[in-house]
Amino acid sequence: MLEHKVIIRRCNEYDPDLISKIVKEGMEELGVKPFGNILLKPNTVIAHPEIFPYAFTRKELLDGALDATKKTSENVKEISVGERCGITIPTRFCFKHAGYPEVIKKHKAKTYYFDEEKSVPVKLTKEGRLRDRVFIPKSVTQCDFLINLPKFKSHPWTRLTLSLKNFIGIQDDRHRLVDHNIHLEEKIADLQEVVQPKFIAIDGIIAGQKMMLTPEPFPLGAIIMGTNSCAVDTVCCHMVNVDPQDLKHLCLTSQRGFGPMNLDEIEVSGDYPLAEVQKKTKDFAFCMERIDDYFKDHKAISCTLGKFPEGRDYCWGGCPGALQEAMHIFKGFDPEVEDKMEKVRVVIGKVDKPLNLTKGEKVLFAGDCTSWEGEIQGRKVKIESNFKTKTEVNECKTKSNDMLKKNIGSFFKGLFLGKKPFIHAKGCTICVADHVHYLSFLGKIKNPNYDKRLVFGIAISYLRMIVSRFWNTIRS
Ligand code: SF4
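The rules behind the values
- Residues numbered from 1 in each chain as written.
- Predicted model: local features only at pLDDT ≥ 70, side-chain atom pairs only at ≥ 80, totals over all residues.
- Heavy atoms only, no water.
- Helix = DSSP H or I, 4+ residues; strand = E, 2+ residues; numbered from the N terminus.
- Expected span 1.5 Å × (residues − 1).
- Buried < 20%, exposed > 50% of the residue type's maximum accessible area, 1.4 Å probe, protein only.
- Near = heavy atom within 4 Å.
- Nonpolar A, V, L, I, M, F, W, Y, C, P; charged D, E, K, R; others polar.
- Pairing = 2+ DSSP bridges.
- Polar contact = N/O pair within 3.5 Å; in protein donor to acceptor, adjacent residues only side chain to side chain.
- Contact = heavy atoms within 4.5 Å.
- Axes fitted to C-alpha atoms, helices over the stretch in contact; angles between N-to-C directions.
- Parallel < 35°, antiparallel > 145°, perpendicular 65-115°, else oblique.
- Left-handed = near helix turned anticlockwise from the far one by under 90°.
- Phe/Tyr/Trp six-rings, centres within 6.5 Å; stacked < 30°, edge-to-face > 60°.
- Lys NZ or Arg CZ within 6 Å of the ring centre and 35° of its normal.
- Core = buried A, V, L, I, M, F, W, Y, C linked by side-chain atoms within 4.5 Å.

Participant: What am I meant to see in helix α2 (residues 59-72) here?
Facilitator: Given 3.6 residues per helical turn, the α-helix brings residues three or four places apart onto the same face. The terminal C-alpha atoms of α2, which comprises 14 residues, lie 20 Å apart, in line with the 20 Å expected from a rise of 1.5 Å per residue. The buried fraction of α2 amounts to eleven of the 14 residues, a majority that puts the element mostly inside the structure. Every buried residue belonging to α2 is among Glu 60, Leu 61, Leu 62, Asp 63, Gly 64, Ala 65, Leu 66, Asp 67, Ala 68, Thr 69 and Thr 72, and all of these are buried.

Participant: In this structure, what is going on with the site of the ligand? I would like to understand it.
Facilitator: In the region of the ligand, 14 residues are neighbours, and Cys 315, Cys 319, Asp 368, Cys 369 and Cys 428 sit closest. A breakdown of the residues in the shell around the ligand according to their chemical character gives eight nonpolar, five polar and one charged.

Participant: What should I look at first to understand the pairing of strand β7 (residues 145-149) in this one?
Facilitator: Side-chain direction in a regular strand flips from residue to residue, so the side chains alternate between the two faces of the sheet. The element β7 is largely enclosed, with a buried count of five among its five residues. Neither face of β7 is left uncovered, since the one carrying Phe 145, Ile 147 and Leu 149 and the one carrying Leu 146 and Asn 148 both have all their residues buried. Of the pairings in the sheet, the one linking strand β2 (residues 36-42) to β7 comprises five bridges and is parallel in character. Residue pairing for β7: Leu 40 is matched across the bridge by Ile 147. Here two bridges tie β7 to strand β10 (residues 199-209), and the two strands are oriented parallel to one another. Each residue of the ladder has a partner; that of Ile 147, found in β10, is Phe 199.

Participant: Help me understand unusual backbone geometry in this model?
Facilitator: If a residue is not glycine, its phi is most likely negative; likewise, a peptide bond is most likely trans. Cys 428 connects to Thr 429 through a cis peptide bond whose omega is 25°. Looking at the element boundaries, Thr 429 is found in the loop between β19 (422-425) and α15 (432-443). A positive phi angle, near 65°, is found at Lys 210, a position not held by glycine. Among the secondary structure elements, Lys 210 is positioned in the loop between β10 and β11 (216-218). Judged by relative accessible area, which is 27%, Lys 210 ranks as partly exposed.

Participant: Which parts of the structure should I look at to understand the side chain of Asn 148?
Facilitator: Tracing the sequence through the fold places Asn 148 in strand β7. Side chain to side chain, Asn 148 and Ser 163 meet in a polar contact 2.9 Å long. Each residue touching Asn 148, except ones within four places of it in the same chain, is listed here: Lys 41, Ser 163, Asn 166, Phe 167, Pro 197, Phe 199, Ile 200 and Ala 201.

Participant: How should I be thinking about the packing of helix α1 (residues 16-30) against α2 in this particular structure?
Facilitator: It is at 7 Å that the axes of α1 and α2 come closest, and there the two elements cross at 45°. With respect to each other, α1 and α2 are oriented oblique. As α1 runs across α2, the sense of the crossing is right-handed. Note on element contacts: α2 touches α1 through Glu 60, Leu 61, Asp 63, Gly 64, Ala 65, Asp 67, Ala 68, Thr 69, Lys 71 and Thr 72, opposite Pro 16, Ile 19, Ser 20, Val 23, Lys 24 and Met 27. Taken together, the residues that form the contact of α1 with α2 break down as seven nonpolar, four polar and five charged.

Participant: Looking at this model, I keep getting lost on the side chain of Asp 67. Mind explaining?
Facilitator: Topologically, Asp 67 is positioned in helix α2. Polar contacts involving the side chain of Asp 67 include one to the side chain of Lys 71, which spans 2.8 Å.

Participant: Even after reading the chapter, I still don't get the packing of aromatic side chains, so can you show me in this structure?
Facilitator: Each pair of aromatic rings is reported with the distance of its centres and the angle of its planes. This structure, assessed with the given rule, holds eleven aromatic pairs. Residues Phe 35 and Phe 145 carry aromatic rings whose centres are separated by 5.6 Å and whose planes lie at 80° to one another, so their mutual orientation is edge-to-face. Residue Phe 35 is found in the loop between α1 and β2, and its partner Phe 145 is found in strand β7; the two are separated by 110 residues along the sequence. The exposure class assigned to Phe 35 is partly exposed, which follows from its relative accessible area of 35%. An angle of 75° between the planes, with centres 5.8 Å apart, marks the rings of Phe 365 and Phe 422 as edge-to-face. With Phe 365 in strand β16 (residues 362-366) and Phe 422 in strand β19, the pair connects residues that are 57 residues apart, well separated along the chain. Classification of Phe 422 as buried rests on a relative accessible area of 9%. What links up through ring pairs into an aromatic cluster is the set Phe 152, Phe 218, Phe 284 and Phe 286. Seen from the ring of Phe 258, Lys 126 lies directly overhead, with NZ or CZ sitting 4.9 Å from the centre. Directly above the ring of Phe 422 sits Lys 420, whose terminal nitrogen or CZ lies 4.9 Å from the centroid.

Participant: Sorry, what's going on with the nonpolar core here?
Facilitator: Nonpolar side chains in soluble globular proteins generally cluster together in the buried interior. Counting 138 residues, the largest nonpolar core has Leu 40, Phe 152, Phe 199, Ile 224, Met 239, Leu 364 and Leu 439 as the members making the most contacts within it. Sequence-distant contacts of Leu 40, defined by excluding residues within four places in its chain, comprise Leu 62, Ala 65, Leu 66, Thr 69, Ile 79, Ser 80, Val 81, Gly 82, Ile 147 and Leu 149. Judged by nonpolar contacts, the second largest core, of ten residues, contains Val 363, Val 381, Ile 383 and Phe 422.

Participant: Which parts of the structure should I look at to understand the pairing of β10?
Facilitator: Burial runs high along β10: ten of the eleven residues are buried. Pairing analysis gives five bridges linking β10 to strand β12 (residues 222-226), with the strands arranged antiparallel. Directly across from Ile 202, in β12, lies its bridge partner Ile 224. Relative to β11, β10 is paired through three bridges, and the arrangement is antiparallel. Bridging from a neighbouring strand, Gln 209 pairs with Glu 216 of β11.

Here it is in structure tokens:
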């Protein structure tokens, strides 16, 4: 008997009763009995049944997991569901469009929107950590039994998002973007020290390929369960023919003693043999490409990359991946967008050479690490870097990253663009929503941020979030 066990179960449909049965059997096989304050953490980085149908943990998986939890648990104080979706969108909006509120109500569980509650510092002590403390919502620090419910997806920043990466959603907006750059993989490893899940059930019924916000569906037909994030992520890597060594955050987390990443140390059980899964996923698609290669044949976007900070040869955790996600969102709204968009050059990093722009080509200088000096359309331009190293960034003094402030800032930047042939977008990271704003202004294409299926619902959720946050502040 090996210490770590991971179960791969067949499940081809989003049937809550079937999922409940599978999860309950998984809990029993693993000897799991949830207790005390039980918190279920799904992945709703973004959710909308029409626009982003494959990006999030489905409500049927949550429903089945809640049902199995209630049937298996003992000495329960509270059962809750908590998450912070992708920043710039209130979690309320994503929960609503994921269909969670009715499921949560059905099971009489509590909801924690992590963007509406107070975050508290948690001290880190593990050797190799990036920071000495991180800020985490109080409900996460107070839970006795965390159940992690990730979505099985590939990811342009980290190759795959599974159990470990799902922890990015336990931080609020003020703290989430700290180190969400060249240090993203180390940040994910840091977050594991705060709390480890005692049970994991991954929604791999329909997995996501390539992008994380607009993934292409892949009918994997599996629920993957375990009690250790490293072991579960290692098995999931093998399921899609990825060497676990290629997941840097998995290597870092395993090196810090949180679990194995060698298949010989993990017992793999269930009714879906790994070899059969591997055969099925031989064409599972990823997007782990530098943007200069990725956009080399694009009709409108081209990229000039310079030197990245701290001797890195690329920034996998920040602006480049956000640009890829943003362009996929445009394409999701309008498949012909590449033909309609005016030319935009995206410049990232310390660039010391001429940009050799074509006639009328505009420029997006993206991110705090970017610098360049030269002439654009006859006018002198000097872009200076204001990148801060990890020691210069104080995690106790962070920007709010409030949705309204961010949107107003990027809106006015675009509005007053006038004849100016460039935008200098400041921040580290420039998030996906900001990339969408800037590219729509520069490329003169319709801005999906203002799509009527999103904008009104987001505005209402934002107002409710502000009221609830205020109420939570005065109560605490
Ligand atoms: S500014 Fe952007 S590209 Fe540069 S280090 Fe920060 S996140 Fe990475």
